[in-house]
Amino acid sequence: MFALTPRDLRTRILDCAGGPSSFNAEMSREGHAVVSCDPIYRFSAGEIHGRIEVVFEPVMDGVRANRGRFSWRKMGSPERLGKLRRSAMETFLEDFPRGLDEGRYVEGGLPELPFDDGAFGLALCSHFLFTYSAQLSEGFHLDSILEMCRVAEEARVFPLLASTVHAVGGEGEASPHLGPVVDGLEERGYEARVERVPYEFQKGGDEMLRVRKRG
Ligand SMILES: C[S@@+](CC[C@H](N)C(=O)[O-])C[C@H]1O[C@@H](n2cnc3c(N)ncnc32)[C@H](O)[C@@H]1O
């Protein structure tokens, strides 16, 4: 999703809107420095687990109903996707209490992050910005990416589709916020580039936005 290189993995990484994904658990196990931040980290593992149980099948129903909008080349089938997602969530739930104690999971939400300037080399955000373009304004997107750039040398956002297909089913279209947000970043002295990445699950969702301060 983020075309991460071995060099990227040597920096301190912030995973914004990390949710119940296994990125932090898997990276930490391999010795990389990752902090995830999400408003849901105020809840206990049991509470998050309960919520996952409520939404899991409706989410999978949405995927099955929109099967044609996804590329199954790597994922195989909705059944396999369901198994992978469950396994990722279990990995997260198992790691969460210890990660909280170690400060690897931090309660916090965009557009204001509870971290110092330049605390990270890289700030990532997947399936939140642009994905929820209908619910979150252009200003929210711009403020959020500027905030990611305040706490990290570089920010990357994936995918760039305005879509809730990831969650419940619907259209996957280029976000209307993308152009204005790129312009807003450029006006404020940032280089903002749309780049192709070697991952595509939502059809057309194979691009990330890479943002750095110019100069
Ligand atoms: C669809 S999930 C994506 C989770 C993960 N990044 C992934 O790709 O699987 C969206 C996440 O955004 C989180 N979220 C909601 N409001 C947020 C905010 N203001 N700032 C950061 N994350 C937020 C939700 O709690 C949820 O975990």
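Residues numbered from 1 in each chain as written. Predicted model: local features only at pLDDT ≥ 70, side-chain atom pairs only at ≥ 80, totals over all residues. Heavy atoms only, no water.

In the nomenclature of an unreviewed UniProt entry, the chain corresponds to SAM-dependent methyltransferase from the organism Rubrobacter marinus.

A.B. asks: Which parts of the structure should I look at to understand the site of the ligand?
C.D. replies: Of all residues adjacent to the ligand, which total 13 residues, the nearest are Ala17, Asp38, Leu110, Ser126 and His127. Interatomic distance of 2.6 Å between a side-chain N/O atom of Asp38 and an oxygen atom of the ligand. Within the side chain of His127, one N or O atom sits 2.9 Å away from an oxygen atom of the ligand. Here the ligand loses 77% of its free accessible area of 600 Å² to cover by the protein chains. Residue composition of the shell around the ligand, by class: six nonpolar, six polar and one charged. (Near = heavy atom within 4 Å. Polar contact = N/O pair within 3.5 Å; in protein donor to acceptor, adjacent residues only side chain to side chain. Areas by Shrake-Rupley, 256 points an atom, 1.4 Å probe, with all protein chains shown as cover. Nonpolar A, V, L, I, M, F, W, Y, C, P; charged D, E, K, R; others polar.)

A.B. asks: Which parts of the structure should I look at to understand the pairing of strand 4 (residues 120-126)?
C.D. replies: Remark: a regular strand shows side chains that alternate across the two faces of the sheet. Burial of strand 4 is extensive: seven of the seven residues sit out of reach of the surface. For strand 1 (residues 13-16) and strand 4, the ladder comprises four bridges, and the chain directions are parallel. What sits directly across from Leu14, in strand 4, is Ala123. Bridge count between strand 4 and strand 5 (residues 152-158): six bridges; the pairing is parallel. Across the sheet, residue Phe120 finds its bridge partner in strand 5, namely Ala152. Chirality of the crossover, the property in question, places the unit of strand 4, helix 5 (residues 138-151) and strand 5 among those that are right-handed. (Buried < 20%, exposed > 50% of the residue type's maximum accessible area, 1.4 Å probe, protein only. Helix = DSSP H or I, 4+ residues; strand = E, 2+ residues; numbered from the N terminus. Pairing = 2+ DSSP bridges. Right-handed = clockwise from strand over helix to strand, strands pointing away.)

A.B. asks: What is the right way to look at the packing of aromatic side chains in this model?
C.D. replies: Each aromatic ring pair is characterised by the separation of its centres together with the angle its planes make. Overall, the coordinates contain 14 aromatic pairs when judged by the stated rule. A ring pair is formed by Tyr41 and Phe96, whose centres lie 5.5 Å apart and whose planes are at 45°; its orientation type is tilted. Placement of the pair is Tyr41 in the loop between strand 2 (34-38) and helix 3 (45-65) and Phe96 in helix 4 (residues 78-101), with a sequence separation of 55 residues. We classify Tyr41 as buried; its relative accessible area is 4%. Residue class for Phe96 comes out buried when judged on its relative accessible area of 1%. (Phe/Tyr/Trp six-rings, centres within 6.5 Å; stacked < 30°, edge-to-face > 60°.)

A.B. asks: What should I look at first to understand the environment of Val59 in this one?
C.D. replies: Here Val59 lies in helix 3. Val59 sits in the buried class, given a relative accessible area of 17%. Note: C-alpha distance between Val59 and Gly82 (23 residues apart in sequence) is 9.6 Å.

A.B. asks: Would you mind showing me how to read the sheet that holds strand 2 here?
C.D. replies: Pairing between the strands of a sheet comes from backbone hydrogen bonds, and it takes one of two forms, parallel or antiparallel. The strand order across the open sheet built from seven strands is 3-2-1-4-5-9-8, with neighbouring strands paired in mixed fashion. Strand pairing shows two members of the sheet lacking a second neighbour, strand 3 (105-107) and strand 8 (190-196), which therefore form its edges. Across the sheet, the mean angle separating the axes of adjacent strands is 20° when strand polarity is ignored. In terms of strand pairing, strand 1 meets strand 2 through four bridges, oriented parallel. For Leu14, the partnering residue across the bridge sits in strand 2 and is Val35. The sheet contacts of helix 6 (residues 178-187) involve strand 8 and strand 9 (207-213), and relative to strand 8 the element is tilted by about 145°. (Axes fitted to C-alpha atoms, helices over the stretch in contact; angles between N-to-C directions. Contact = heavy atoms within 4.5 Å.)

A.B. asks: Explanation requested: the environment of Leu113 in the structure shown.
C.D. replies: As for its placement among the helices and strands, Leu113 is situated in the loop between strand 3 and strand 4. The spatial distance from the C-alpha of Leu113 to the C-alpha of Arg188 is 20 Å, given a sequence separation of 75 residues. In this structure Leu113 touches Leu14, Cys16, Cys37, Glu147, Met148, Arg150 and Val151, once residues within four positions along its chain are discounted.

A.B. asks: What exactly am I supposed to notice about the state of the cysteines here?
C.D. replies: Simply put, disulfide is the name for a covalent bond between the sulfur atoms of two cysteines. Under the definition given, this model contains zero disulfides. For the unlinked cysteine Cys16, the closest cysteine sulfur is that of Cys37, found at 5.1 Å. Take Cys16: its relative accessible area is 0%, and that puts it in the buried class. (Disulfide = S-S within 2.5 Å.)

A.B. asks: Got a minute to help me understand helix 5 in this structure?
C.D. replies: Helical geometry note: an α-helix holds 3.6 residues per turn, so side chains three or four residues apart project in the same direction. Here helix 5 contains 14 residues, and its C-alpha end-to-end distance of 20 Å stays within 8% of the 20 Å for a straight helix at 1.5 Å per residue. The element helix 5 is extensively covered by neighbouring structure, given that 10 of its 14 residues are classed as buried. For helix 5, the complete set of buried residues consists of Phe140, His141, Leu142, Ser144, Ile145, Leu146, Glu147, Met148, Cys149 and Val151. Against the buried residues of helix 5 lie strand 1, strand 4, strand 5, helix 6, strand 8 and strand 9. (Expected span 1.5 Å × (residues − 1).)

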